[in-house]
Amino acid sequence: MLRHHQRRCTGRKVPPSSLVIRGSVKLACALATKLHSFTASDLAQVDIHTWLELRSQLQKHHKARIEQYRFRTDPNGYLANLESRLL
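Residues numbered from 1 in each chain as written. Predicted model: local features only at pLDDT ≥ 70, side-chain atom pairs only at ≥ 80, totals over all residues. Heavy atoms only, no water.

A word on the overall build of the chain
Here's step 1: Assigned secondary structure in the chain consists of six helices and zero strands.
Here's step 2: For the chain, the succession of helices and strands along the chain, N to C, is α-α-α-α-α-α.
Here's step 3: A buried classification covers 10% of the 87 residues belonging to the chain.
Here's step 4: Surface exposure of the chain reaches about 7600 Å², of which carbon and sulfur atoms provide 58%. (Helix = DSSP H or I, 4+ residues; strand = E, 2+ residues; numbered from the N terminus. Buried < 20%, exposed > 50% of the residue type's maximum accessible area, 1.4 Å probe, protein only. Areas by Shrake-Rupley, 256 points an atom, 1.4 Å probe, with all protein chains shown as cover.)

Spelled out as structure tokens, the structure:
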């Protein structure tokens, strides 16, 4: 359902890479907005600690994806940089 919705909204045939990283959040948002309309007061009642924890997990996944991309584009440079940081 989410992939179908993404395709209709964006016109892209392939889901974006952010769907892999933030998929659980996007899926929950897509389902929740179909079931219920939210007001500003509903959104203001979010537990800040849970939100911060989720945000830190997303940032960790994002940093890992960046490192994977850097390694794929320039493996020798990536390994040289890693070696220089370790020594």
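Next comes the rest of the account.
A word on the pattern of salt bridges
Here's step 1: Going through the model one piece at a time under the given rule, you end up with one salt bridge.
Here's step 2: Across the salt bridge formed by Arg70 and Glu67, the nearest N and O atoms sit 3.4 Å from each other. Pair noted here: Arg70 and Glu67 are both in helix α5 (residues 48–73), with a separation of three residues, about one helical turn.
Here's step 3: Residue classification places Glu67 among the partly exposed positions, given a relative accessible area of 28%. (Salt bridge = Lys/Arg side-chain N within 4 Å of Asp/Glu carboxyl O.)

Some details on the packing of aromatic side chains
Here's step 1: Applying the stated rule across the entire model yields one aromatic pair.
Here's step 2: Relative to Tyr78, the ring of Phe71 lies with its centre 5.6 Å away and its plane at 80 degrees, an arrangement referred to as edge-to-face. (Phe/Tyr/Trp six-rings, centres within 6.5 Å; stacked < 30°, edge-to-face > 60°.)

Describing the packing of α5 against helix α6 (residues 75–86)
Here's step 1: It is the contact of α5 with α6, at a shortest axis distance of 5 Å, that shows an interaxial angle of 120 degrees. Relative to α6, the element α5 lies oblique. The segment α5 lies against α6, with Glu67, Arg70, Phe71, Arg72 and Thr73 engaging Pro75, Tyr78 and Leu79.
Here's step 2: Here the residues of the contact of α5 with α6 sort into four nonpolar, one polar and three charged. (Axes fitted to C-alpha atoms, helices over the stretch in contact; angles between N-to-C directions. Parallel < 35°, antiparallel > 145°, perpendicular 65-115°, else oblique. Contact = heavy atoms within 4.5 Å. Nonpolar A, V, L, I, M, F, W, Y, C, P; charged D, E, K, R; others polar.)

Let's talk about a nonpolar patch on the surface
Here's step 1: Where nonpolar side chains cluster on the molecular surface, the patch consists of Phe71, Leu79, Leu82, Leu86 and Leu87 and spans about 540 Å² of accessible area.
Here's step 2: The element that contributes the greatest number of residues to the nonpolar patch is α6, accounting for three residues.
Here's step 3: Checked against the element boundaries, Leu86 lands in helix α6. (Patch = residues over 30% accessible without salt bridge, like charges linked within 9 Å, V, L, I, M, F, W, Y side chains within 5 Å.)

Honestly, it's all geometry; don't read function into it.
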